[in-house]
Amino acid sequence: MDISGNTIIVVGGSSGMGFGVAQAALAKGAKVVIVGRSSERLAQATENLAGGERVKSISADVTREDEVRHLFEIAGSFDHLFVSAASHLAYQPIRDFDLEAARKTIDAKLIAALLLSKYASRQINGHGSITFTAGIAAERPMATAALVAAVNGGLFSFTYALAIGLAPVRVNTISPGWIDTPIWETSALAANKSANFEQMAQRLPAGRIGRPSDIGHAAIFLMENEFTTATVLPVDGGHRLV
């Protein structure tokens, strides 16, 4: 399948991995709708993408059902949905875990995936696809990542079930490793980001940290390959092996 001329909805498209997917889709000749909560960041991302009339933006909080419903009412018929929406990931020791932080993490990853699937399924073209993003924590969790691991692993299972329930629409998940995106600037590792990245790059078989363009390339593959569904695709530089 060639996605030229297709409409791609990218949730989380104003920065990071989602922005990388939007760039890759535009390079393939697709039309892109980027979705995020901040109108200001969406406007800046739209300008940076420089796609002219092939780029639109919609502001929505995808953990809220009314806003998700409205999002798809505005978007109309489309071909592919890519979801990179994890603005809140709770990394805490289990003894001290804050329940409200846990609920926000579950909302950001699982509830959002559920709501987006519910309303996307009503308008997505039959040849289309849905791609979620999970993460390396599902397979190589840190000591403080029990909930993040569980939520990402839950997305794996959600993908398998949805691929059956929405067939022939294809459903897949990308599981990234460490990708250099703005979210690192607000993480617990921000103060020593360069040193942490250098140490991880030395461990990884790929020899470097991932880039948003790596995720963009993988997402386009999943959109275009009509025989790939119910698949969790690691894009982690070999992280799950080390």
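Scroll up for the structure.
Residues numbered from 1 in each chain as written. Predicted model: local features only at pLDDT ≥ 70, side-chain atom pairs only at ≥ 80, totals over all residues. Heavy atoms only, no water.

Moving on, we come to the environment of Ser-121. Take Ser-121: it is sitting in the loop between α4 (99-120) and β5 (124-133). Sequence-wise, Ser-121 and Arg-103 are 18 residues apart; in three dimensions their C-alpha atoms are separated by 25 Å. (Helix = DSSP H or I, 4+ residues; strand = E, 2+ residues; numbered from the N terminus.)

Enumeration over the complete set of coordinates arrives at 7 salt bridges. Residue Glu-224 pairs with Lys-28 through a salt bridge whose shortest N-O separation is 3.5 Å. Of this pair, Glu-224 sits in helix α7 (residues 212-224) while Lys-28 sits in the loop between α1 (16-27) and β2 (31-36), placing them 196 residues apart in sequence. With a relative accessible area of 17%, Glu-224 lands in the buried category. Owing to a relative accessible area of 37%, Lys-28 belongs among the partly exposed residues under this scheme. With a closest N to O distance of 3.0 Å, Asp-180 and Lys-193 form a salt bridge. (Salt bridge = Lys/Arg side-chain N within 4 Å of Asp/Glu carboxyl O. Buried < 20%, exposed > 50% of the residue type's maximum accessible area, 1.4 Å probe, protein only.)

Moving on, we get to the pairing of β5. Across the 10 residues that make up β5, a large majority, 7, are buried. Pairing of strand β4 (residues 78-83) with β5, which is carried by 4 bridges, proceeds in the parallel orientation. Its bridge partner lying in β5, Phe-82 is registered against Thr-131. Across 5 bridges, β5 lies against strand β6 (residues 170-176) in parallel orientation. Considered in β6, the bridge of Ser-129 is made with Arg-170. (Pairing = 2+ DSSP bridges.)

Val-11, Val-35, Phe-72, Leu-81 and Leu-116 are the most contacted members of the largest nonpolar core, which has 30 residues in total. Only β1 (7-11), β2, α3 (65-75), β4, α4, β5 and α5 (146-165) provide two or more residues apiece to this core. Considering every element that reaches this core, the biggest residue donor is α4, with 6 residues. Setting aside its immediate chain neighbours within four residues, Val-11 contacts Val-35, Val-62, Leu-81, Phe-82, Val-83, Ser-84, Ala-85 and Leu-116. Judged by nonpolar contacts, the second largest core, of 27 residues, contains Val-32, Leu-42, Ala-219 and Val-235. (Core = buried A, V, L, I, M, F, W, Y, C linked by side-chain atoms within 4.5 Å. Contact = heavy atoms within 4.5 Å.)

Interaxial distance between α3 and α4 falls to 9 Å at its minimum, and their mutual angle equals 35°. Crossing angle aside, the handedness with which α3 passes α4 is right-handed. Contacts between α3 and α4 pair Glu-65, Val-68, Arg-69, Leu-71 and Phe-72 from the former with Leu-115, Leu-116, Lys-118, Tyr-119 and Ala-120 from the latter. (Axes fitted to C-alpha atoms, helices over the stretch in contact; angles between N-to-C directions. Left-handed = near helix turned anticlockwise from the far one by under 90°.)

So far we have only geometry, and geometry alone does not tell us how the molecule works.
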